[in-house]
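# Per-entry structural report
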Amino acid sequence: MILPRDASLFCLFLTLITTSCTFASNQDANNPHQDDLLPPLESDFKSYPNLANITDEERALFHPILKFPTHFKKIPVLDCTQATGLATESQRKRSKIRDKLFGLVWRNVIVNLITDSEVVRKVPWKSSKWGFGKYDEDRRAMYTSSVFDAENVVDGYSGARTVHLGIDLGAPVGTKVYAFADGVVHSVGYNEGHGDYGFVVVIEHTLPLSSTKIWALYGHMDRATSRNKSPGTPIQKGQVIGGIGDCHENGGWSAPHCHFQVSMRPPMTHDMPGACSVQDRPIALSEYFDPRYVLGQIY
Ligand SMILES: *[C@@H]1O[C@H](CO)[C@@H](O)[C@H](O)[C@H]1NC(C)=O
Ligand SMILES: [Zn+2]
């Protein structure tokens, strides 16, 4: 009776020692951004470092990226830690056909009316399409496609990438997406992998008060986003840069949304790691800051 208990206590002791050794060696790694300085996952606005030093005064000068319906008291915040959001092959085929048949009318007339007219935006119409997806949320149940695999390294970020580094702005297909400030196109393209960004544009924005440069990625967009844009194309604050893409053009996601991510350094190409591994979180959060410094306190 006594021996097994002692043995298990000894095992527990060993486990504790080993755990603290592993922890200590992680801390010793030549990474200046220590885990213990970071706020916990899914923290509140302003808990994260304000890397671009965006003041409330400067934020008030930004144009909204999407115009949300004004009748909602609060736009719902979606819990993206559970389900996977990828569309099936047949959903993507149907969306492609729907786009060919009704795309022009839907995107250019109906959606404009719903999302752009100040009057219609105040009408209480029911839609579950609107919502926010959180920054710094661990989505290991959702990011199951090979795009997020350890083998697929993006800008030096490797490992099983599950921690979301942008904010998702959920809205109906075709909803206009606006540039929040002046800038120039850094890069534009189509990241076709299943679970990737689909049509995507990166804009080098110059902040209006500080003149600091930051790089913003707008992902999961529609085909029109890629038209008339190449590196260096000037972009003005409030300019429509494209629309929310459907699942045959947005990387295969069933819930239409814009992934908005902000970086302190230019990416290599029209891509940023939209998610990072738990191990890379300290360095990622020192590079891709909380988009609420641009969007305001949306949740
Ligand atoms: C933000 O402010 C800090 C502290 O004053 C400064 O060290 C840093 O360089 C600033 N960052 C930018 C991008 O201006
Ligand atoms: Zn996202």
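Residues numbered from 1 in each chain as written. Chains lettered and ligands numbered in written order. Predicted model: local features only at pLDDT ≥ 70, side-chain atom pairs only at ≥ 80, totals over all residues. Heavy atoms only, no water.

An unreviewed UniProt entry lists the protein chain under the name M23ase beta-sheet core domain-containing protein, with Cylindrotheca closterium as the source organism.

## Looking at the packing of aromatic side chains
Going through the model one piece at a time under the given rule, you end up with 10 aromatic pairs. Measuring from ring centre to ring centre gives 5.2 Å for Phe45 and Tyr293, while their planes differ by 55°; the resulting arrangement is tilted. Of this pair, Phe45 sits in the loop between helix H1 (2-28) and helix H2 (56-59) while Tyr293 sits in helix H5 (residues 292-295), and the two are 248 residues apart along the sequence. Look at Tyr293 and you get buried, because its relative accessible area is 3%. Plain terms: the ring middles of Tyr48 and Tyr135 are 5.0 Å apart, the flat faces sit at 80° to each other, and that makes the pair edge-to-face. Here the residue Tyr48 occupies a position in the loop between H1 and H2, and Tyr135 occupies one in the loop between strand S2 (131-133) and strand S3 (163-164), the gap between them amounting to 87 residues. (Phe/Tyr/Trp six-rings, centres within 6.5 Å; stacked < 30°, edge-to-face > 60°. Helix = DSSP H or I, 4+ residues; strand = E, 2+ residues; numbered from the N terminus. Buried < 20%, exposed > 50% of the residue type's maximum accessible area, 1.4 Å probe, protein only.)

## Some details on the coordination of the zinc ion (ligand 2)
In the first shell of the zinc ion (ligand 2), the protein supplies His164 (NE2), Asp168 (OD) and His259 (ND1), at 2.1 Å from the metal. Counting the intervening residues between successive donors of the zinc ion (ligand 2) yields the motif H-x3-D-x90-H. Taken as a pair, Asp168 in strand S4 (residues 167-170) and His259 in strand S11 (residues 257-263) lie far apart in primary sequence, 91 residues in all. Accessibility assignment for this pair places Asp168 and His259 in one class, buried. (Donors = N, O, S within 2.8 Å, 3.2 Å for Na, K, Ca; no water.)

## A closer look at the nonpolar core
Within the largest apolar cluster, 53 residues are counted, with the highest numbers of intra-cluster contacts made by Val177, Phe180, Tyr218 and Phe260. Going through the elements one at a time, S4, strand S6 (183-191), strand S7 (198-206), strand S8 (213-221), S11, helix H4 (281-285), strand S13 (288-289) and H5 are the ones with two or more residues in this core. A total of six residues in this core trace back to one element, the largest contributor, which is S8. Those residues within four positions of Phe180 in sequence are excluded, and the remaining contacts are Phe62, His63, Ile65, His205, Leu207, Ile214, Ala216, Tyr218, Lys237, Phe260 and Val294. Core analysis: the second largest hydrophobic core is formed by seven residues, Cys80, Met142, Phe148 and Ala275 among them. (Core = buried A, V, L, I, M, F, W, Y, C linked by side-chain atoms within 4.5 Å. Contact = heavy atoms within 4.5 Å.)

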